[in-house]
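Structural overview
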Amino acid sequence: MYRIALTLIAIALAGCNTAQTRDVNSPFYKVPIGSEIILNKDLDIPEGQAHISLQDGIPNTGVGNYNVSCTFNVRNLGPSTIKAGTFTVRETSPGQEWVSQPNIMRFYRQFRFTPDSQPDVLNFVCQDWDGPMLGRPISVPEMRKAVGDYVSFKFAQ
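Residues numbered from 1 in each chain as written. Predicted model: local features only at pLDDT ≥ 70, side-chain atom pairs only at ≥ 80, totals over all residues. Heavy atoms only, no water.

Some words on the packing of aromatic side chains
Selection criterion: Paired rings are identified among Phe, Tyr and Trp, the last through its six-membered ring, by centres lying within 6.5 Å, and are further divided according to the angle between planes into stacked (under 30 degrees), edge-to-face (over 60) and tilted (the rest). Labels follow the DSSP assignment, with helices taken as runs of H or I lasting at least four residues and strands as runs of E lasting at least two, numbered in each case from the N terminus. Residue burial is assigned from relative accessible area. The probe radius is 1.4 Å, only protein chains are included, and a residue is buried under 20% of its type maximum, exposed over 50%, and partly exposed in between. A ring is considered to have a charge above it if a Lys NZ or an Arg CZ atom is located within 6 Å of its centre and within 35 degrees of its normal.
Inspection of the entire model under this criterion finds 8 aromatic pairs. Ring geometry for Phe72 and Phe87: centres 5.9 Å apart, planes at 50°, overall tilted. Note that Phe72 is positioned in strand β5 (residues 69-74) and Phe87 in strand β7 (residues 85-100), a separation of 15 residues in sequence. Between Phe153 and Phe155 the ring centres are 6.0 Å apart and the planes differ by 5°, which places this aromatic pair in the stacked class. What makes Phe155 buried here is its relative accessible area of 18%. Chaining the aromatic ring pairs together yields one cluster made of Tyr29, Phe72, Phe87, Phe111, Phe113, Phe124, Phe153 and Phe155. Over the ring of Tyr150 we find Lys41, and its NZ or CZ is 4.6 Å from the ring centre. The ring of Tyr108 has Arg106 sitting right over it, with the charged end atom 4.4 Å from the ring centre.

Quick word on the side chain of Thr92
To keep things clear, this is the line we draw: Pairs of residues are marked as contacts when any of their non-hydrogen atoms sit within 4.5 Å.
In this fold, Thr92 is placed in strand β7. Overall, Thr92 belongs to the buried group, its relative accessible area being 15%. Once residues within four sequence positions are removed from consideration, Thr92 is found in contact with Lys30, Val31, Ile33, Gln110 and Phe111.

Looking at the pattern of salt bridges
Definition in use: Counted as salt bridges are all cases of a side-chain nitrogen of Lys or Arg within 4 Å of a carboxyl oxygen of Asp or Glu.
Inspection of every chain in the model, using the stated rule, returns 8 salt bridges. We note a salt bridge from Asp149 to Lys41, for which the minimum N-O separation is 3.2 Å. Placement of the pair is Asp149 in the loop between α2 (140-147) and β10 (151-154) and Lys41 in the loop between β1 (36-39) and β2 (43-45), with a sequence separation of 108 residues. A salt bridge links Lys83 to Asp42; the shortest N-O distance between them is 3.9 Å. With Lys83 in the loop between β6 (80-82) and β7 and Asp42 in the loop between β1 and β2, the pair connects residues that are 41 residues apart, well separated along the chain. One continuous salt-bridge network, built from bridges that share partners, spans Arg90, Glu91 and Arg112.

Put into C-alpha cells, the structure is as follows:
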C-alpha cells in the first residue's frame, strides 16, 4: 500500500512538470530553443574522464548529489579542454528518474547543442537528488549558483 501511494504521488508530481511559465526564476521555466549557454572560461577535463562538473562555482569531476551541479559531457576521454565559447541550445529535456525507490529521485535538466566549433561537447546537464515529495525541477537560479562565473545563460525570446 505504501509503495502504491508513493508511486501515485510521484506520477502526480511528474504531471506538474508540464506546467510552464515565462518566469525565468521558476523551476517550471522552459528554456527556449535557441538560447545560449556561454562558457566564460576554459574547463580542463582530467585524464580518463569524459565530463567536468561545476558545483558552487567550482569545477570538479566528483560532486555531492544533494546540491545542484551542472556537467559538460564530452565524446572522448580526457585529458582535454572545453574552450570558452557559446553553445546554442537545440533541445532541452527536464526530467526525473528514480535513483533508489522509494526514497531518492534524480531531478535534472539536459541541454543538447547545435553543431558548432566544439563538436566533442555532447551536452550540459544540471541535476539534484531529493525525495520524491520534496524534489522539483532544477531552476535557473539554482543552475547559476552551481556554475558560478564559469557559465552565463542568454535566453531566446
